[in-house]
Amino acid sequence: PILKGNFEAHRILSFTSDSKDMFVLANRDDFAAMNVFKVKLETGEMTALGEPGDFHRTTTVAENTQRLASVAGQWSKRPELKLIDLTSNKVNSKTLTDSHDPQWNAVHLLQPERFNFTNRHGDKIEAYVFKPQNWSSSDSRPAIVYTYGGPLGDRHIIETDSFQPTAYLFGMYMAAKHGYVTVAVDPRGHSNYGRRFSGANWEQVGKPQTEDLEDLAKHMQKKLGV
């Protein structure tokens, strides 16, 4: 193996002309993001090329490997087409597009907070929460949990650039307008969290998800004012 660790790196983008380095998409530093990495083939050493927290999609490396173009962004900086200069030792990114309707700001009333909790088996489960206005951890509020059990190929719900209608937009609406605490979660069985996580369903379909949702409910009562 060239790459080792508890992360996914399933798309090779390109190689340098001397065949000493390759470019891959991987979520090594953040399970909810997907960065571009330059990898030394001899040692497996990985260097992140994009901004932390950005999710890169539709990424292409120039033939001379001096630049790459990528649609990348996150909740706080909506995805746009970016050009990254690979000739320097630091991230040098230029945004080429401005494609989003400014009216979005009128309906984007809340931004979610990332969190994780440890389930009964010691696995770290990723999630995000919309907290209503005047929220307190001592509240006793109603809650809604959005989940979609895996496997999902190479996708999951907790992605920093996803404004998914049911998990993000509906969750934001119910928190902002009706005072619910709303959570989106990726229980075991989802892809992109490593083999142990995605393989949890083997010969016990549904059991891992149920356990993780039970553990989430306990966490929400203790930490999220539910």
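In this report, the structure presented in the accompanying data block is examined. (Residues numbered from 1 in each chain as written. Predicted model: local features only at pLDDT ≥ 70, side-chain atom pairs only at ≥ 80, totals over all residues. Heavy atoms only, no water.)

Observations regarding the nonpolar core
- With 28 residues, the main nonpolar core has Phe115, Tyr128 and Val183 as its most contacted residues.
- The greatest single-element share of this core, amounting to 5 residues, is contributed by strand β10 (residues 124-130).
- What phenylalanine 115 contacts, discounting residues up to four positions off in sequence, is Ile125, Glu126, Ala127, Tyr128, Val129, Val183, Leu216, His219 and Leu224. (Core = buried A, V, L, I, M, F, W, Y, C linked by side-chain atoms within 4.5 Å. Buried < 20%, exposed > 50% of the residue type's maximum accessible area, 1.4 Å probe, protein only. Helix = DSSP H or I, 4+ residues; strand = E, 2+ residues; numbered from the N terminus. Contact = heavy atoms within 4.5 Å.)

Comments concerning the sheet that holds β10
- On the basis of which strands lie adjacent, the open sheet formed by 4 strands has the order β9-β10-β12-β11 and mixed pairing. This sheet does not close on itself; its edge strands, each paired only once, are β9 (113-118) and β11 (143-147). On average, adjacent strands in this sheet sit at an angle of 30 degrees to one another, irrespective of strand direction.
- Two strands pair when backbone bridges link them, and β11 and strand β12 (residues 181-186) are joined in this way by 5 bridges, in the parallel orientation. Note on β12: the bridge partner recorded for valine 145 is valine 183.
- Seen against the sheet, helix α2 (residues 165-178) touches β10, β11 and β12 and runs at an angle of roughly 45 degrees to β10.
- Set on the sheet, helix α4 (residues 207-223) makes contact with β9, β10, β11 and β12; between it and β9 the angle comes to about 115 degrees. (Pairing = 2+ DSSP bridges. Axes fitted to C-alpha atoms, helices over the stretch in contact; angles between N-to-C directions.)

Section: the packing of aromatic side chains
- Taken as a whole and judged by the stated rule, the model has 9 aromatic pairs.
- Measuring from ring centre to ring centre gives 5.9 Å for tryptophan 75 and tyrosine 168, while their planes differ by 45 degrees; the resulting arrangement is tilted. Taken as a pair, tryptophan 75 in the loop between β6 (67-74) and β7 (77-85) and tyrosine 168 in helix α2 lie far apart in primary sequence, 93 residues in all.
- Every member of this aromatic cluster is reached through a ring pair, and the members are Trp75, Trp104, Tyr128, Phe130, Phe163 and Tyr168.
- Its end group placed over the ring of phenylalanine 55, arginine 57 keeps NZ or CZ at 4.0 Å from the ring centre.
- Positioned above the aromatic ring of tryptophan 135, the side-chain terminus of lysine 131 is 4.0 Å from the ring centre. (Phe/Tyr/Trp six-rings, centres within 6.5 Å; stacked < 30°, edge-to-face > 60°. Lys NZ or Arg CZ within 6 Å of the ring centre and 35° of its normal.)

Some thoughts on the pairing of β12
- For β12, the buried fraction is high: 6 of the 6 residues fall into the buried class.
- Here 5 bridges tie β10 to β12, and the two strands are oriented antiparallel to one another. The residue of β12 that forms the bridge with phenylalanine 130 is threonine 182.

Focus on the layout of surface pockets
- What the largest pocket holds in volume is close to 180 Å³.
- Mapped onto the lining of the largest pocket, the elements with two or more residues apiece are β4 (46-48) and β7.
- In the lining of the largest pocket, the residues fall into 6 nonpolar, 4 polar and 3 charged.
- For the second largest pocket, the calculated volume is near 150 Å³.
- Contributing to the lining of the second largest pocket are Asn6, Phe31, Asp123, Lys124, Tyr193, Gly194, Arg195, Arg196 and Phe197.
- Ranked by residue count, the leading element in the lining of the second largest pocket is helix α3 (residues 195-198), at 3 residues.
- In the lining of the second largest pocket, the residues fall into 3 nonpolar, 2 polar and 4 charged. (1 Å grid on protein atoms, 1.4 Å probe; cavity = no way out; pocket = protein on both sides within 12 Å on 5 of 7 lines; lining within 4 Å. Points joined across faces, edges and corners; volume = space filled by probe spheres on them. Nonpolar A, V, L, I, M, F, W, Y, C, P; charged D, E, K, R; others polar.)

A few points about empty space enclosed by the protein
- Following the criterion strictly, the structure yields 1 cavity of 30 Å³ or more and no others.
- Counted as a void, the largest cavity has a volume near 30 Å³.
- In this structure, the largest cavity is lined by Leu49, Gly50, Glu51, Asp54, His56, Lys82, Ile84, Val91 and Ser93.
- Taken together, the residues of the lining of the largest cavity break down into 3 nonpolar, 3 polar and 3 charged.

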